[in-house]
Amino acid sequence: MTNSNRRKFLKATGVGLLGGLAGCTRGGDGSDGSGSDGSSDGSGGTDGGTSTDGNDGELAIPLSEYEDADIDWRQFEGTSINIGAVQHPWVSAIKPAVPVFEELTGIDVVWNVLPEQQFRTKRQTDVSTGAGQFDVFYMDQVVNQFREEGWIQPLDPFFDDDSLFDEEWYEPDDLFEASRWQAHGGGYSDTWTGMPITVEVQTQFYRKDLYEKHDLEVAETLEEFRQNAKTIHENESDVVGTVGRGDKGYGMNIYILNTFLREFGSSLWTEFPTDSGLDSDGVIDAAEWYVGLLQDYGPEGASTQTWSDVLSTMQEGRAGHIVSDANLFWPGLTGPDSSVADNIGIAKVPSPADGQFSPNAFNWQISTSKNAQNSEQAFLFMVWASSQPTNTWMHVEGDAAFSVRQSVWENDEFRSRVGENFAQVTLESLQEAAPDPFDRKYPQWGQRYSEELQRAIAGQKSAEEAMTQAASTAEDIYSN
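Reading guide: rules and limits
Residues numbered from 1 in each chain as written. Predicted model: local features only at pLDDT ≥ 70, side-chain atom pairs only at ≥ 80, totals over all residues. Heavy atoms only, no water. Helix = DSSP H or I, 4+ residues; strand = E, 2+ residues; numbered from the N terminus. Buried < 20%, exposed > 50% of the residue type's maximum accessible area, 1.4 Å probe, protein only. Contact = heavy atoms within 4.5 Å. Areas by Shrake-Rupley, 256 points an atom, 1.4 Å probe, with all protein chains shown as cover. Salt bridge = Lys/Arg side-chain N within 4 Å of Asp/Glu carboxyl O. Core = buried A, V, L, I, M, F, W, Y, C linked by side-chain atoms within 4.5 Å. Patch = residues over 30% accessible without salt bridge, like charges linked within 9 Å, V, L, I, M, F, W, Y side chains within 5 Å. Lys, Arg positive; Asp, Glu negative; His and termini not counted. Charge placed at Lys NZ, Arg CZ, Asp CG, Glu CD. Axes fitted to C-alpha atoms, helices over the stretch in contact; angles between N-to-C directions. Parallel < 35°, antiparallel > 145°, perpendicular 65-115°, else oblique. Left-handed = near helix turned anticlockwise from the far one by under 90°. Nonpolar A, V, L, I, M, F, W, Y, C, P; charged D, E, K, R; others polar. Pairing = 2+ DSSP bridges.

Peer 1: Quick one: what's the story with the overall build of the protein, residue by residue and with numbers?
Peer 2: Counting its secondary structure elements, the protein contains 21 helices and nine strands. For the protein, the proportion of its 480 residues judged to be buried stands at 61%. Counting contacts in the protein only where the partners sit at least 6 residues apart, residues at least 24 apart contribute 77% of the total. Per element, the accessible surface of the protein, about 17,600 Å² overall, is 41% carbon and sulfur.

The structure is reproduced here in structure tokens:
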């Protein structure tokens, strides 16, 4: 089969084997940047209803795990909190333990779980109108927009309340630095904007069987990665060398490119908000590398590939390796939906030979609005949900693999469950992670930036032309 026919075959047979990854690496869509790039878009969610996922008998986590905390857990007994959430693995992972929180505090938990775009719309309405329906809600790239509008409460007053928080017991320094940084508005806020609940970091996935067949070494540099892609692409039938996000959306193609531009020594916003840095040499070099890789060794239609396309292509054995993507792909790639589950390897993302290892990462967090009726109760839930006992249980007894706590990734039982290599690669990557700083207009200019990158991947303009236009657009958005 020729390269042209192979690419058409791969394009035609791409199906989304999403598994339990709904909500992975969110942000932006193919239209206006406000929608999901991977969440389930099925009809409806769980709109209301108290938590009922726990067993009728023994609690999932003994209450004794929380007794050492110098926190007045029972001070709001008899009240309730409403949680607004997207359909996401964290919800599935924590729900069975929520009866522990209800028993510990006497606070009932009411869930409002919706498809991501529907949730975003409802969240926007809730905070902008001052309705205050949600006491706790999922928060993402719009955090600084919400913060500057005064729609979310800073959590620092709650941290300072001795009846609500025990620093020695909670151990905030156990949270990854990247998680704490994003919970402070990605460097734009001196206060806590929410509590991090999940983290995903970019890693490299590869086919061990193809690497062995062609005597390839796992790439440490970008040039080695490109050469491996070339070897597989030119010597395998019905398999492309690589696959990566090409579709527009601020959680799509630029989520990947932003890793490489930092590895080339550049950053988003050389000087905020007057110089975006998108037309710097490092960004252009990174874009030329990424665009060239997908054009030369990716599937036909590379510019329309979403994260779910990337996952399904690799699951079906139709690509040699993934450029870089969320470690949350690991369960889908090694689980029952994958035809190559026994042949998937994981490694750190490659970097330029003279560059710096700097993987992108993203944290979902939970926040409370200015008009929430039960913000103190909400904070107690945040503390409980992100505490060591709860987080450890979710990852040791459950099937979660997105902990924001370093101690979980070092836990022997967890490492035994998920595999030593996966745990160690993820741990080391999280320790060096450099997440995107989501300024208040990031969803707006990030969408335009992603559209320019998509045009370059599609061959409509050069990478340099695309990044020059993206820079001008980003700066114009802030100057107007």
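Peer 1: Before we move on, can you summarise the pattern of salt bridges with the specific residues and values?
Peer 2: On inspection of all chains with the given rule, the structure shows 19 salt bridges. In this structure, glutamate 148 engages arginine 147 in a salt bridge whose closest nitrogen and oxygen atoms are separated by 3.7 Å. A relative accessible area of 48% means that glutamate 148 is categorised as partly exposed. Arginine 147 gets classed as partly exposed once you look at its relative accessible area, which sits at 24%.

Peer 1: I'd like a rundown of the nonpolar core, residues and numbers included.
Peer 2: By size, the foremost hydrophobic cluster in this structure holds 140 residues, and its most contacted members are Trp90, Trp111, Phe381 and Trp384. Here this core takes ten residues from helix H12 (residues 281–297), the largest share from any one element. Once residues within four sequence positions are removed from consideration, phenylalanine 381 is found in contact with Ile81, Ile83, Trp90, Phe101, Val109, Trp111, Val136 and Ile366.

Peer 1: So what's going on with a negative patch on the surface? Which residues, and what values?
Peer 2: Together, Asp215, Glu217, Glu220, Glu223 and Glu224 line one region of the surface with negative charge. Along the chain, glutamate 220 turns up in the loop between helix H9 (208–213) and helix H10 (222–235).

Peer 1: Tell me about the environment of valine 109, and please be specific about residues and values.
Peer 2: Looking at the secondary structure, you find valine 109 in strand E3 (residues 108–114). In this structure, the C-alpha to C-alpha distance between valine 109 and alanine 378, residues 269 residues apart in sequence, is 9.7 Å.

Peer 1: Kindly report on helix H11 (residues 253–263), identifying the contributing residues and their values.
Peer 2: For H11, the tally of buried residues reaches eleven of eleven residues, placing the bulk of the element in the interior. Here H11 has its buried residues at Asn253, Ile254, Tyr255, Ile256, Leu257, Asn258, Thr259, Phe260, Leu261, Arg262 and Glu263. Directly beyond the C-terminal end of H11, a positive phi value near 90° is found at glycine 265.

Peer 1: Explain the packing of H11 against H12 to me, using residue names and the numbers behind them.
Peer 2: Packing of H11 against H12 leaves a shortest axis separation of 9 Å and a crossing angle of 125°. It follows that H11 is oblique to H12 by the angle criterion. Along this stretch, H11 crosses H12, giving a crossing that reads as right-handed. On the side of H11, the interface is formed by Asn253, Ile256, Leu257, Phe260 and Leu261, while H12 contributes Gly282, Val283, Ala286, Ala287, Trp289 and Tyr290. Here the contact of H11 with H12 is composed, by residue class, of nine nonpolar, two polar and no charged.

Peer 1: Quick rundown of the packing of H11 against helix H20 (residues 442–457)? Include the residues and the values.
Peer 2: Helices that pack against each other are described as a pair by the angle of their axes relative to one another and the distance between those axes. At a minimum axis separation of 9 Å, H11 and H20 run at an interaxial angle of 85°. With respect to each other, H11 and H20 are oriented roughly perpendicular. From H11, Asn253, Ile254, Leu257, Asn258 and Leu261 reach across to H20, where they touch Tyr442, Gly446, Tyr449, Ser450, Leu453 and Gln454. Tallied by class, the residues present in the contact of H11 with H20 amount to six nonpolar, five polar and no charged.

Peer 1: An account of the pairing of strand E7 (residues 319–326) is needed here, citing residue identities and associated values.
Peer 2: With eight of eight residues buried, E7 is to be regarded as a mostly interior element. Where strand E5 (residues 195–207) lies against E7, four bridges are found, and the strand directions are antiparallel. Looking across to E7, one finds that tyrosine 206 is bridged to histidine 321. As judged from the three bridges shared by strand E6 (residues 240–243) and E7, these two strands associate in the parallel manner. Counterpart to threonine 242 in the pairing with E7 is histidine 321.

Peer 1: Outline the side chain of threonine 259, supporting the account with residue identities and numerical values.
Peer 2: The residue threonine 259 is located in helix H11 in this model. We classify threonine 259 as buried; its relative accessible area is 0%. In this structure threonine 259 touches Gln202, Val349, Ser358, Pro359 and Asn360, once residues within four positions along its chain are discounted.

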